[in-house]
Amino acid sequence: MERVKNLRLIFLEALENLLAEEFDRFKYALTCIECDGGGKIPKCRLEEANTRMKLVDFMCSYCCEDVAVKTAICALELMKMRDAAANLRVKRAKVLDLEQLEEADYRVKYSEHIQNQYKVIKDMNSRLGENVNLNSRYTKLIIVKEHRSKKEREHEIMDSGRRHAEIMTKRASSITINGLFDPDEDGQIPPIVVLQGAAGIGKTMTAKKIMFDWAVGELYQSRFDYVFYINCREINSGIEQGSVADLILKNCPDQNAPVDKILRNPEKLLFIIDGFDELRFSFAQSESNLCSDPFKKQPAAIILSSLFRKKVLSKSYLIVTTRPTALEELQQYLQGERYADILGFTEAEREEYFYKFFKNEEKARKAFNFVKDNEMLFTMCFVPIVCWIICTVLNQQMEEGKDLAQNSETITGMYMLYLFSLLKGHSSNSKQQIQVNWKGLCSLAADGIWRQKILFEEEEIKKHGLDMSDSLFLNENVFLKYNDTECVYSFIHLSLQEFFAALFYVLEKEDTMVEESETAVNNVQKLLENYGKSRNYLTLTVRFLFGLLNTEAMEAINKKIKCKISSKIKPDLLKWIKNKLKISSLSWKSDEELSPLKNAEMIYLLEEFHCLYEIQEQSFVQSALNHFTELNLAEYNFSKMDQVALSFCLKNCCKLETLNLNLCLFGFEDPNKDFPRPSKQQRLELHQDESNHSDIYLLCQALKEPNCKLKKLKLTNGHLTAACYKDLFSAVRTKQTLTVLDLSMNNLGELEARLLCEGLKGSCCKLQRLVLSQCYLTAACCGDLSSVLSTKPSLTELDLTQNKLEDSGMKLLCVGLTHLNCKLQKLGLMNCGLTASSCGDLASVLSVKPTLTELDLALNNLGEAEGMKHLCEGLKHPDCKLQKLRLMGCQLTVTCCRDLSSIFSINQTLTELELRGNLLRDSGVQLLCEGLKHPNCKLQKLGLKNFLLTGACCEDLAAVLSISGSLIELELGIDHLGDSGVQLLCEGLKHPDCKLQRLELWGCVLTAACCGDLSSALSTSQNLAVLELGYNKLRDSGVQLLCEGLEHTNCKLQKIKLEHCSLTAACCGALSSVLSISQTLTELDLKENKLGDSGVQLLCEGLRHSNCRLHKICLGYQSVAEETQAELDAMKDTKPDLVIEIW
């Protein structure tokens, strides 16, 4: 009974502390809460409890006293009166004598959870599901608790081998993780400890070790009740809004953690914030933006800023890990912090790490002794991640019987570093001996490369001045001995042989040099010429050639081995690479089909980019790429190394305006490529923040470079991911020079479209043309696109072809299109799922948007109801200035033609109308012709490929030709016009007022019977320049008749297409005569005809004639003799401007 009484009293006391307005809100909150499984409390019952005492009595009678108090706590929390709720909870716990027991139990539960979570770590070598025990791998690191000067850091980096280890070991002020929060000389305990260190130095491992050691009771037991781990990389990719309480819950085993109790003693809490340098948002928050409520949801930047600046949980403690690069920014937000530097491993700890890694004493001892003997490797092992890399490589190479090659910035630098490390400890060797060994290796390597030989007998070794007994490099295992009895040797790897071969060509030749190779040419120019002929076995040698001509590399070689690299080679190399790149860039155009030959040229172009990456000299690279204005790379799988090279060159290609990356894949690794592993610097560029950076991250970073002035970027069907879009749109937002962006055939979701639109709305973005054809856009994206239209006056072209926008999306787009700020000139909406319902909205746009000059509505079902009538009303509006309208395949019928016809007499700007693929029939065309004959009609181009037209409409079309002063192009095809219909058309063509320049009659069921009329028209018309007659059975007799007109002095035809017209050699004599007479004909298409060898020979006679003005002849597949093919080839030499297509 005492407990019941006390519960009632604390309940009443809590209510008496509420103001009148708070009491009413409290009762309302109770109606929103289910009472311990008994359902929600009836509102009418609560209204009767109009005093605090009555409410206590009612609640305790409605449910038991304990449930009533728990429900009251929930109601107070719902009202955000957390202090009152916490106070009532404490009093309830005291009454029930449970609080202390519950909290102790939960702390044990939390500790066990942390133990399980951190006792193992994922090893990058392990198979799926395998882990490594943290304590079995963790090795103690040196941590010092004061700032080091820049000079001290430089010494630690520059000193090598044992000297470096001695510096590390003598650090008198080193501390352990146990002492991070020890009082200083003044007795002050730091509220924040900053653990700084280089990438891979062990910051994250240390943070996890702290978590685990606290959980098992070995660390900070009396100091902290709870320790929480916050991963900054996860923060970057997590939700936008959160609270401190959410960060705590993320560490807990479930969502039922007693957060209120945990937060009650903030001085007993430690937060480990791991990876501050990886955070991608600004901490420049004003004081008013900071948050003091640990339960309030805010952006991550505000939450973390509030923790750093002690605005929330001010008595809690922090450990923040960061790279030194971000230290300056972090310092701005901290007070009273202590700094500790993680320096890495001492010599003893490096050895301990090897034994822990290998777990096999013999292998560990062998690996460590090897590294210890290599000064550079040994030095680099002070960094734990590098130590792991070296252990991993050594383990693999010991299993495979190989040796280790060390890494640096480029492939060339990597090999130089490795070889230089072999020279350490051999200062007693004379300069002459070193040079003889070095140059002997170069000569041997070059000889082997030219003979494509990798195994050498002892006699060959001696021939090049290398003595097995005293050769420095042989003693250092540059060669592997395959068999003692046969005495056959090789370089460790072919790539090392290629390195020495490249060095052979760049070293200055001296009289004292060893015997020259009999096979290898020693002239760089000849090497480069042979590279062009057979790149496959000289590829890496030429890459090394570029790398060795880097100024710093030249100085290093001169300093290390006292061998001088010729300075005369570099200008020749620049001239050669400029010429190679120029040929590659001009070998094919972006709109051409990619043939295997062109694909090979593209691969060579990329290889030349790799060469430029190796030299790493900005002035050289910029000079080499100075002529590039357009770069086309299509249907290529870019490896990560390809992307590094491409991005590097883009940064230095100052005049590049257009980049086409059509149908390319990114991140592809070729398992068959036998190049050396990427260097350390390259891997840093490739893998740094890999979880956050996309496959095109390097490309996007290059686009942001000031030197990159790119105007047009085409990145179609690239299988881009959400991360790719994020990086790309970040570049678009800031790239002021970019005016054209084509992302056709990429899967753009709603989120990605929103990111794109945000980028487009950036003040620096000046995009003019945006192509999003086949990007899987829906109506959900149209609101964002509409927003861009209304805010970005620079955007003049938008192509949304083949996206399911539908009428609802079109309505949203029209809101932006009608906005005053919208200056769009061209809009592509082909096959967007539109119906007649959209025509009214489009008409509204046409009537208020005089800037819009081109509109493509092809393949939308607009023919229903009053759709076309509405659209035509917009076209007839005086403010409509549309010039081009495509209505191909829009299900238009005869009934639409009267409305279309009516616009010709009113609209003075419409010059092109595409109506192919509609069900217009002859009667519909006749209606159109009424408008076309109107004197106000300005139409210049009309497309009527409809499948259902016959000769019955040709008389009306002929009348248009004889009257219209504007119509210059008429497309008729895949119709049954027949000979009689074309004969009627020819009457119009021959009329003196006919202005037609281009006539297409493709597949109109024509025969030789109409060719006389066409010939007569050719000899009469002064304007007809293009005639397309493909896929008609004209036969030889028909073409012979045509040739009579083509030879006429009045004929002005420039281009005639006769593909698939059932032609043979019989007509080639007449065509040859035309070629020798016509002064205007520049293009002749004869594909898909069986002309034969004799026919092609006859054509050659005409082509050779001095009067022939032809620029292009298309013969397609023809079976010709070798002599005829040789004659065609010779023709290309005598007439280089003539294009002959034959296969």
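For the structure, see preceding data.
A brief structural summary. (Residues numbered from 1 in each chain as written. Predicted model: local features only at pLDDT ≥ 70, side-chain atom pairs only at ≥ 80, totals over all residues. Heavy atoms only, no water.)

### Points about the overall build of the protein chain
Heads up, the condition is: Numbering of helices and strands starts at the N terminus; helices are DSSP runs of H or I of at least 4 residues and strands are runs of E of at least 2. Type-normalised accessible area, obtained with a 1.4 Å probe on protein chains alone, sets the label of each residue: buried when under 20%, exposed when over 50%, and partly exposed for intermediate values. Residues count as neighbours in contact if any of their non-hydrogen atoms are within 4.5 Å of one another. Here the Shrake-Rupley method, with its probe set to 1.4 Å, supplies the accessible areas, and only the displayed protein chains count as covering residues.
Along the backbone of the protein chain there are 49 helices and 34 strands. Here the protein chain holds 1143 residues, and the buried ones make up 53% of them. Considering only residue pairs separated by 6 or more positions, the protein chain has 80% of its internal contacts joining residues 24 or more positions apart. Accessible surface, the protein chain: about 50,400 Å² in total, of which carbon and sulfur atoms supply 49%.

### As for unusual backbone geometry
Here the phi dihedral of L859 falls at roughly 60°; this positive angle occurs in a residue that is not glycine. Considering the arrangement of structural elements, one finds L859 in the loop between β24 (854-856) and α40 (867-875). Under the relative-accessibility criterion, L859 is labelled partly exposed at 39%. Although it is not a glycine, H1060 sits at a positive phi angle of roughly 55°. Take H1060: it is sitting in the loop between β31 (1055-1057) and α47 (1068-1077). The exposure class of H1060 is partly exposed, given its relative accessible area of 36%.

### Brief notes about the nonpolar core
Rules: Here, the term nonpolar core denotes a set of buried Ala, Val, Leu, Ile, Met, Phe, Trp, Tyr and Cys residues that are joined through side-chain atoms within 4.5 Å.
In this structure, F609, L829, L887, L944, L1001 and L1058 are the most contacted members of the largest nonpolar core, which totals 223 residues. Broken down by element, this core gets its largest block of residues, nine residues, from helix α25 (residues 494-506). Setting aside its immediate chain neighbours within four residues, F609 contacts L581, L625, L631, A645, L646 and C649. Formed by 83 residues, the second largest nonpolar core is a distinct cluster that contains L180, F308, A326 and C381.

### Things to note about the environment of T1082
Positionally, T1082 belongs in the loop between α47 and β32 (1083-1085). C-alpha of T1082 to C-alpha of I1056: the two residues are 26 residues apart in sequence and 8.9 Å apart in space. Setting aside chain neighbours within four positions, we find T1082 in contact with Q1054, R1109, L1110, H1111 and K1112.

### Comments concerning the pairing of strand β8 (residues 269-274)
Basically, it comes down to this: If DSSP finds at least two bridges between two strands, the strands pair.
Of all six residues that make up β8, six are buried, and the element is covered over most of its length. The alternating pattern of β8 places L269, F271 and I273 and L270, I272 and D274 on opposite faces, both of which are buried. Sheet analysis places strand β6 (residues 226-231) next to β8, joined by six bridges and oriented parallel. Residue Y229 lies in a different strand from β8, and its bridge partner there is I272. With five bridges joining them, β8 and strand β10 (residues 317-322) adopt parallel strand pairing. Residue pairing across strands places L270 opposite Y317, the latter belonging to β10.

### Some details on the packing of aromatic side chains
Let me state the cut-off plainly: Working definition: rings of Phe, Tyr and Trp (its six-membered ring) pair if their centres are within 6.5 Å, and the pair is stacked with planes under 30 degrees apart, edge-to-face with planes over 60 apart, and tilted otherwise. As a reminder, the over-ring test applies to NZ of lysine and CZ of arginine, requiring each to be within 6 Å of the ring centre and within 35 degrees of the ring normal.
Scanning the entire structure with this criterion turns up 28 aromatic pairs. Judged by centre distance (5.9 Å) and plane angle (5°), the ring pair of Y226 and F228 falls under stacked. Residue Y226 is classed as buried on the basis of its relative accessible area of 2%. For F228, a relative accessible area of 0% translates into the label buried. Seen in terms of ring centroids, F357 and F358 are 5.2 Å apart; in terms of plane orientation they differ by 70°. Their pairing is edge-to-face. Since its relative accessible area comes to 10%, F358 is described here as buried. The residue whose ring lies beneath R52 is F23, and the NZ or CZ to ring-centre distance is 4.6 Å.

### Looking at the pairing of β10
With six of its six residues buried, β10 lies for the most part within the structure. Judged by which residues are buried, β10 turns out to be covered on both faces: Y317, I319 and T321 on one side and L318, V320 and T322 on the other are all buried. With five bridges connecting them, strand β5 (residues 192-196) and β10 associate as parallel partners. Across the sheet, the residue bridging to Q196 is T322, located in β10.

### So, the side chain of K735
As a reminder, the rule being used: By the counting rule applied here, Lys and Arg register as positive and Asp and Glu as negative, while His and the ends of each chain are not counted. Any Lys or Arg side-chain nitrogen located within 4 Å of an Asp or Glu carboxyl oxygen qualifies as a salt bridge. We call two N or O atoms a polar contact when they sit within 3.5 Å, provided that within protein one can donate a hydrogen and the other can accept it, with sequence-adjacent residues counted only if both atoms are side-chain atoms.
Residue position: K735 is located in the loop between α35 (722-734) and β20 (740-742). One buried charged residue, K735, remains without a salt bridge, the closest side chain of opposite sign being E705 at 8.3 Å. One polar contact links the side chain of K735 to the main-chain carbonyl oxygen of C708, over a distance of 2.4 Å. Leave out the neighbours within four places in its chain, and K735 touches L703, K704, E705, C708, L710, C764 and K766.

### Thoughts on the side chain of S566
For S566, the position within the fold is in the loop between α28 (551-561) and α29 (569-586). In this structure the side chain of S566 is engaged in a polar contact, spanning 3.3 Å, whose partner is the backbone nitrogen of K568.

### Quick word on helix α39 (residues 839-848)
With seven of its ten residues buried, α39 lies for the most part within the structure. Among the residues of α39, C839, D841, L842, A843, V845, L846 and S847 are the ones counted as buried.

### Some details on the pattern of salt bridges
Within this structure, the stated rule accounts for 45 salt bridges. The salt bridge partner of K876 is E873, with a shortest N-O separation of 3.5 Å. On the basis of relative accessibility, which here comes to 23%, the residue K876 falls in the partly exposed class. Notably, a salt bridge pairs K884 with E912, separated by 3.7 Å at the nearest N-O pair. Separated by 28 residues along the polypeptide, K884 in strand β25 (residues 884-886) and E912 in strand β26 (residues 912-914) bring together distant segments of the chain. Take K884: its relative accessible area is 28%, and that puts it in the partly exposed class. Classification of E912 by relative accessible area gives partly exposed; the value is 26%. One continuous salt-bridge network, built from bridges that share partners, spans E914, R916, K941, K945, E969, E971, R998, E1000 and E1028.

### Topic: the packing of helix α2 (residues 20-30) against helix α4 (residues 52-62)
Helix-helix packing is described using two parameters, namely the angle between the two axes and the distance between the axes. To keep things clear, this is the line we draw: A fitted line through C-alpha atoms serves as each axis, taken over the contacting stretch for helices, and the angle formed by two N-to-C directions is quoted from 0 to 180°. Note that the term roughly parallel is reserved for angles under 35 degrees, roughly antiparallel for angles over 145, roughly perpendicular for angles of 65 to 115, and oblique for everything else. A crossing counts as left-handed when the near helix is turned anticlockwise from the far one by less than a right angle, and as right-handed when that turn is clockwise. We call Asp, Glu, Lys and Arg charged. Ala, Val, Leu, Ile, Met, Phe, Trp, Tyr, Cys and Pro are nonpolar, and the rest, Gly among them, are polar.
Packing of α2 against α4 brings their axes to within 12 Å, and their N-to-C directions diverge by 20°. By the angle between their directions, the pair α2 and α4 is classed as roughly parallel. Considering only the axes of α2 and α4, their crossing is left-handed. From α2, A20, F23, F26, K27 and L30 reach across to α4, where they touch R52, L55 and M59. Across the contact of α2 with α4, the residue classes break down as six nonpolar, no polar and two charged.

That is the geometry; function is a separate question.
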